[in-house]
Structures are given as C-alpha cells and as structure tokens.
Amino acid sequence: QVQLVESGGGLVQPGGSLRLSCAASGFTFSLYAMSWYRQAPGKERELVAGITTASRTNYADSVKGRFTISRDNAKNTVYLQMNSLKPEDTAVYYCNWLSNYWGKGTLVTVSS
C-alpha cells in the first residue's frame, strides 16, 4: 500500500524558512521521480518542484532561487527546503508520486 506522509509545515514569518519532508512507503522509492505541489485557498493545485531519480530538479518560476527539493533514497524521503518565504507561499503542500498518489498535505502559513 502506497503511503506518502508529509510533515514540517507550520506558521512562519515572511523571510523565514521551513523544511518539509515526505516519507514514502509501499513502492521502490529510488526508482521514481517525486514532486511537491501546493494549493492555496481558492486556487488550483500547482506544481512547486520535482526531482528525478538522478536528482535533476525543476521548479516553478515563483519559487526558483528560494526553494530546494532533494531526496534521500536511504530514508525513502523527499524534502523541500523553503527559504525567503513570502505570504503568497501560504498553502497546503502535497507530496506526489506518479501523478495519482498524494499525501494528505501539510499546511504552511507565512504571516507576520
């Protein structure tokens, strides 16, 4: 059974940092690309960042230079380091595998 469990969200002030984690199980993690998405209130879910099996990365233009996606295959975990956070980064962040599998999400709120 595939499980994706996100953690690390919370309330942070503008300019602050958070690191999200997604612990994966139920499949051979090292063989697959992984992605982070987010959904802000009243908006559609959007791709934030992706990482291939070779750790090649891609980012939404809105987060380039501020967010970093990484993976630890030994821990079956994908991370999202978020720096210089802005209020517009407020959203529920979801881990994704193969487009159809999602975690329950972790809420990130950027506010003073």
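Use the structure listed above.
Residues numbered from 1 in each chain as written. Predicted model: local features only at pLDDT ≥ 70, side-chain atom pairs only at ≥ 80, totals over all residues. Heavy atoms only, no water.

Caption draft 1: Main features of the overall build of the chain. Secondary structure assignment for the chain yields zero helices and 11 strands. Mapped from its N terminus to its C terminus, the chain presents α and β elements in the order β-β-β-β-β-β-β-β-β-β-β. Over its C-alpha trace the chain gives a radius of gyration of 13 Å, about what one expects of a compact globule, namely 13 Å for 112 residues. Seen along its three principal axes, the alpha-carbon backbone of the chain occupies a region of about 40 × 25 × 20 Å. Taking all 112 residues of the chain together, 38% fall into the buried category. Look at the contacts in the chain between residues 6 or more apart in sequence, and 52% of them connect residues 24 or more apart. Carbon and sulfur atoms make up 46% of the accessible area of the chain, which amounts to about 6100 Å² in all. Here the chain carries 11 positive and 7 negative side-chain charges, and the mean point of each set is 5 Å from the other. (Helix = DSSP H or I, 4+ residues; strand = E, 2+ residues; numbered from the N terminus. Rg over C-alpha atoms; globule rule 2.2 N^0.38 Å. Buried < 20%, exposed > 50% of the residue type's maximum accessible area, 1.4 Å probe, protein only. Contact = heavy atoms within 4.5 Å. Areas by Shrake-Rupley, 256 points an atom, 1.4 Å probe, with all protein chains shown as cover. Lys, Arg positive; Asp, Glu negative; His and termini not counted. Charge placed at Lys NZ, Arg CZ, Asp CG, Glu CD.)

Caption draft 2: Representation of the side chain of S21 within the structure. Position of S21 among the secondary structure elements: in strand β3 (residues 18-25). With a relative accessible area of 17%, S21 lands in the buried category. Residue contacts for S21: discarding those within four places in its chain leaves V5, E6, S7, W36, T77, V78 and Y79.

Caption draft 3: Representation of the sheet that holds strand β7 (residues 67-72) in the model. The four strands are arranged β1-β3-β8-β7 in an open sheet whose pairing can be described as antiparallel. With one partner strand each, in any of the chains shown, β1 (3-7) and β7 form the two edges of the open sheet. Neighbour to neighbour, the strand axes of the sheet diverge by 15 degrees on average, direction disregarded. Taken together, the five bridges between β1 and β3 define a ladder with antiparallel strand orientation. Counterpart to L4 in the pairing with β3 is A24. (Pairing = 2+ DSSP bridges. Axes fitted to C-alpha atoms, helices over the stretch in contact; angles between N-to-C directions.)

Caption draft 4: Layout of the packing of aromatic side chains. Under the criterion given, the structure shown has seven aromatic pairs. Between Y37 and W102, the ring centres sit 5.0 Å apart and the planes meet at 75 degrees, which makes this aromatic pair edge-to-face. Here W102 lies in strand β10 (residues 101-102) and Y37 lies in strand β4 (residues 34-39), a separation of 65 residues in the sequence. Given a relative accessible area of 32%, W102 falls into the partly exposed group. Considering the side-chain rings of W97 and Y101, the 4.9 Å spacing of their centres and the 40 degrees angle between planes classify their relative orientation as tilted. Exposure remark for W97: the relative accessible area of 6% places this residue in the buried category. Assessed through its relative accessible area of 38%, Y101 is described here as partly exposed. Connected via pairs of aromatic rings, a cluster forms that spans F27, F29, Y32, W97 and Y101. (Phe/Tyr/Trp six-rings, centres within 6.5 Å; stacked < 30°, edge-to-face > 60°.)

Caption draft 5: Inspection of the pattern of salt bridges at higher detail. Applying the stated criterion across every chain, the model contains four salt bridges. Here E46 makes a salt bridge to R38, at a shortest N to O gap of 2.7 Å. When its relative accessible area of 34% is taken as the criterion, E46 is described as partly exposed. On the accessibility criterion, R38 (5% relative accessible area) is buried. In this structure, a network of salt bridges that share partners links the residues R38, E46, R66 and D89. (Salt bridge = Lys/Arg side-chain N within 4 Å of Asp/Glu carboxyl O.)

Interpretation in functional terms is not warranted from these geometric data alone.
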